[in-house]
Each structure stands twice: as C-alpha cells, then as structure tokens.
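# Per-entry structural report
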Amino acid sequence: MTMMLGAGDPPTVLPVAESAVADEPEALPQAVVDAGRSQPLRGCFVTGTDTEVGKTTVTAGLLHALARQGLRVAGYKPVAAGAVWQAAATGPDGHWHNEDVEALHAASSIELTRSEVCPCLLEEACAPHLAARLEGGRIEPALLIAGAHRLMPRCDVLVVEGAGGFCVPLVESQAFSEAPAVSDDTVAATPDTDWGTDDLAVALDLPVILVVGLRLGCINHALLTAEAVTARGLRLAGWVANRIEPTMPHAQLNIDTLARALQQRHDAPLLGVVSYHVPASAAAVAEELRIDAVLEALGLQG
Ligand SMILES: Nc1ncnc2c1ncn2[C@@H]1O[C@H](COP(=O)(O)OP(=O)(O)O)[C@@H](O)[C@H]1O
Ligand SMILES: [Mg+2]
C-alpha cells in the first residue's frame with residue numbers, strides 16, 4: 001500500500017513516502033496530540049476562510065518574505081488532494097504533481113523532497129477523507145504530525161498550509177471507517193471521534209494565520225473561523241486580506257470592518273493586503289506582507 005514518490009510506474013494507490021510513516025504505538029487521537037506537544041514547533045499554521053482563497057499563494061509569500069530575512073524556511077502541506085502523474089521527459093521516472101506541493105517546495109529555502117513537503121498526497125481532487133476512502137484507505141494523523149517534527153530541526157520556521165477551510169474532516173471515526181491507513185499498513189487505530197484540520201492545528205500547536213479571500217460573505221467566514229481557532233485554544237496570530245476578486249465592491253470597507261473586529265475580539269493584527277496579481281508570485285505577495293508585523297506575530301523578532 002505504501003509507495004515512494006517518484007517511483008517508476010504511476011502508482012494506483014496513494015503515493016506517500018515510506019520515510020514519512022509514523023510509528024505511533026498508542027491509540028489516537030490523544031497520543032497524537034501529545035506527540036505534537038512534546039517538542040514545540042516554530043512557525044505558523046495557515047488556514048483560510050474557504051478553499052481557493054489564497055492559502056497557498058500567501059503561504060508561498062510568507063516563505064519568501066521570511067527567507068529574505070535570512071531565515072531557513074520550510075513549507076509543509078500535510079495533506080493535499082488532487083495529483084496527476086507527471087512522467088519525466090526521458091526514462092521511466094516521474095512524480096506526482098500537485099500545485100500546492102510544487103508552490104511550497106519552490107518557496108522553501110532549504111532542500112526538501114516533495115514527500116517531505118507533503119507526506120500524504122491523494123490522487124482524487126475532493127475532500128481529503130473521501131479521496132482517501134476512494135483510494136481504499138484512510139489518512140493517518142500521526143504521519144502528518146511526524147512530518148512536521150521531522151522538518152523542524154532543519155529550519156528556523158515551518159509554514160504549514162492546512163487543507164480547505166479550518167474544520168475539514170481528515171479521518172472519520174471508527175464507526176464510519178473500517179479502512180486501513182492509506183499511508184501505511186502498520187500504524188495506529190482509527191480515532192474514536194472524527195479528526196480534522198482543526199485537530200491537526202491543535203496537535204501542531206502553532207499560531208494560526210488566517211487568509212481571508214475578499215469576496216461577498218468573507219466577513220462572516222472570517223469571524224466564524226477566528227472563533228473556531230481561538231475556541232480550540234490556539235492563538236490567532238494575524239490575518240491576511242487577499243484580493244482574489246479584482247472588482248469586489250467596497251473591498252477596503254470590508255477590510256476595515258474585519259481589521260477592527262479581529263483586532264478587538266482576537267487581538268489579531270492585519271499582516272498585509274495582497275492585491276490581485278496575475279500571476280500571484282511568491283515574490284510579489286511577499287512585497288505586500290508587513291514583515292515586521294509577521295515576525296512579531298510569530299514571535300521571531302530580536
Ligand atoms: N492575490 C491574488 N491575485 C490573483 N490571483 C490569486 C490571488 N490569490 C490567489 N489567487 C489565485 O486563486 C487561486 C486559488 O489560490 P490558492 O492560493 O491556490 O488558494 P487555496 O490554497 O486557498 O486553495 C489560484 O489560481 C491562485 O493563483
Ligand atoms: Mg492551497
């Protein structure tokens with residue numbers, strides 16, 4: 001069931017790296033949460049008001065901006081759904097291609113393999129727990145947490161991109177999931193309760209940066225997400241306004257409203273307003289981030 005990324009033939013099941021398989025001996029999810037807390041991570045967890053709001057774009061921009069400060073940065077995408085096999089120009093080699101993984105791989109300032117950037121890459125472009133099910137297995141939380149901890153000793157800052165919005169299911173509870181872990185045939189039991197990206201953020205115990213895709217409805221989505229973040233005991237370190245719609249009416253008024261509400265309710269500063277760019281390159285986005293505010297929000301100053 002476990003495949004190496006870059007293996008010769010296109011795998012028919014989940015392409016994950018053997019080296020990234022965790023060996024958590026205890027039942028989930030408490031053991032997973034404890035594992036995440038045993039050794040603190042440095043960096044942030046980037047979430048968004050929805051899928052397709054600019055998490056990857058802003059994560060790459062953050063990596064670029066932090067690297068320009070002389071920091072060793074690594075992008076981490078624990079779970080990505082939607083991969084196509086890309087054969088090498090010559091020979092039998094190739095790799096599974098996913099836009100998020102490529103973007104974070106390119107924006108990292110340390111050498112990483114694709115499977116280090118993303119230990120759980122699923123072929124089907126749909127909700128991750130369903131993509132895993134379609135591939136005949138399930139996502140293994142311990143693998144996702146272990147992947148972050150493996151990268152930390154090699155970098156100063158880890159920028160983790162979630163999947164979709166903040167509360168996306170990754171593993172369905174025992175009652176629903178009889179399938180084996182997609183990542184490995186050996187590791188832990190299915191948790192008794194559902195386990196999702198919010199639980200992953202808690203297990204990683206990183207401050208959260210919220211990317212708000214500016215469009216109608218984003219104020220509500222941003223405030224709900226901020227509440228969900230802080231209700232789980234995580235710190236909302238700040239937020240980024242992303243102009244995904246170039247012609248959104250009253251965009252600045254929306255930003256002003258959110259800036260006030262998120263500062264007042266969650267002490268979360270605005271870390272930058274990203275304009276509509278085509279392409280929205282990491283370098284261009286980095287220019288629009290308030291790097292001093294980012295460093296302060298992540299406790300990296302001085
Ligand atoms: N500021 C922006 N200007 C123009 N296009 C953007 C901007 N931010 C994101 N996009 C585009 O919107 C799409 C979704 O962005 P992405 O960063 O992949 O979102 P997410 O990671 O939240 O799914 C991508 O095609 C991306 O290039
Ligand atoms: Mg993304």
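Residues numbered from 1 in each chain as written. Chains lettered and ligands numbered in written order. Predicted model: local features only at pLDDT ≥ 70, side-chain atom pairs only at ≥ 80, totals over all residues.

A count of helices and strands for the protein chain gives eleven helices and twelve strands. Here the protein chain, with 302 residues, has 51% of them falling under the buried criterion. Taking the contacts inside the protein chain whose residues are at least 6 apart along the sequence as the reference set, 78% of them involve residues at least 24 apart. (Helix = DSSP H or I, 4+ residues; strand = E, 2+ residues; numbered from the N terminus. Buried ≥ 20, exposed ≤ 12 C-beta atoms within 10 Å, placed from the backbone. Contact = placed C-beta atoms within 7 Å.)

Time to look at unusual backbone geometry. Glycine aside, residues mostly have negative phi angles, and peptide bonds mostly take the trans form. The omega torsion of the bond from Val278 to Pro279 falls at -5 degrees, within 30 degrees of zero and hence cis. One non-glycine residue, Glu52, adopts positive backbone phi at about 60 degrees. Here Glu52 shows up in the loop between β1 (43-48) and α2 (55-67). Residue classification places Glu52 among the exposed positions, given that 10 C-beta atoms sit within 10 Å. Its identity as a non-glycine residue notwithstanding, Asp205 has a phi of 55 degrees, on the positive side.

Attention shifts here to the site of ligand 1. Surrounding ligand 1, one finds 16 residues, the nearest of these being Gly54, Lys55, Thr56, Thr57 and Ala280. Here the element with the most residues in the shell around ligand 1 is α2; it accounts for three residues. Considering only residue class, the shell around ligand 1 consists of six nonpolar, seven polar and three charged. (Near = placed C-beta within 6 Å. Nonpolar A, V, L, I, M, F, W, Y, C, P; charged D, E, K, R; others polar.)

For the rest of this paragraph, the subject is the confidence of the model for the protein chain. Fine structural detail should not be taken from predicted coordinates in areas where pLDDT scores are low. Across the protein chain, the average pLDDT comes to 87, with 81% of residues at 70 or higher. Taking the mean pLDDT of every element in the protein chain, the minimum, 53, falls on helix α1 (residues 30-38) and the maximum, 99, on strand β10 (residues 208-213). Low pLDDT (under 50) marks residues 1-29, which in the prediction has 78 contacts with non-local residues, meaning those over four places away or in another chain. (pLDDT = per-residue confidence, 0-100.)

This part takes up the packing of α2 against helix α3 (residues 99-107). One can describe the packing of α2 onto α3 by two numbers: an axis separation of 9 Å at closest approach and a directional angle of 10 degrees. Accordingly, the angle class assigned to the pair α2 and α3 is roughly parallel. Note on element contacts: α3 touches α2 through Asp100, Ala103, Leu104 and Ala107, opposite Thr56, Thr59, Ala60, Leu63 and His64. Of the residues assigned to the contact of α2 with α3, the class counts are five nonpolar, three polar and one charged. (Axes fitted to C-alpha atoms, helices over the stretch in contact; angles between N-to-C directions. Parallel < 35°, antiparallel > 145°, perpendicular 65-115°, else oblique.)

This part is about the sheet that holds strand β12 (residues 270-274). Hydrogen bonding along the main chain pairs the strands of a sheet, whether they run parallel or antiparallel. Pairing is parallel in the open sheet, where six strands are placed in the order β2-β7-β1-β10-β11-β12. The sheet is open, and its two borders are formed by β2 (73-76) and β12, each paired with just one other strand. Across this sheet, the average inter-strand angle for adjacent strands is 20 degrees, counted without regard to direction. Across four bridges, the pairing between β1 and β10 is parallel. Bridging across to β10, Thr47 finds its partner in Leu210. Along the sheet, α2 contacts β1, β2, β7 (157-161), β10, β11 (236-242) and β12; its crossing angle with β7, the most-contacted strand, is approximately 175 degrees. This element, helix α6 (residues 141-151), spans β2 and β7 of the sheet and lies at about 170 degrees to β2. (Pairing = 2+ DSSP bridges.)

Take the pairing of β12 next. Across four bridges, β11 lies against β12 in parallel orientation. Counterpart to Asn242 in the pairing with β12 is Val274. The handedness of the β11 to β12 crossover, carried by helix α9 (residues 251-266), is right-handed. (Right-handed = clockwise from strand over helix to strand, strands pointing away.)

On to the environment of Leu300, then. Looking at the secondary structure, you find Leu300 in the segment after α11 (291-297). Its 17 C-beta neighbours within 10 Å are what place Leu300 among the partly exposed residues. Taking the C-alpha atoms as reference points, Leu300 and Arg42, separated by 258 residues in sequence, lie 8.8 Å from one another. Excluding residues that lie within four positions of it along the chain, Leu300 makes contacts with Val157 and Leu295.

Right, let's get into the pairing of β7. In terms of burial, β7 is largely enclosed, as five of its five residues are buried. With burial as the criterion, each face of β7 is covered, one bearing Val157, Val159 and Glu161 and the other bearing Leu158 and Val160. With four bridges connecting them, β2 and β7 associate as parallel partners. In the sheet register, Ala74 faces β7, and the bridge partner there is Leu158.

So, on to the environment of Val157. Tracing the chain through its elements places Val157 in strand β7. Here Val157 is in contact with Arg42, Gly43, Leu66, Leu71, Val73 and Leu300, once residues within four sequence places are set aside.

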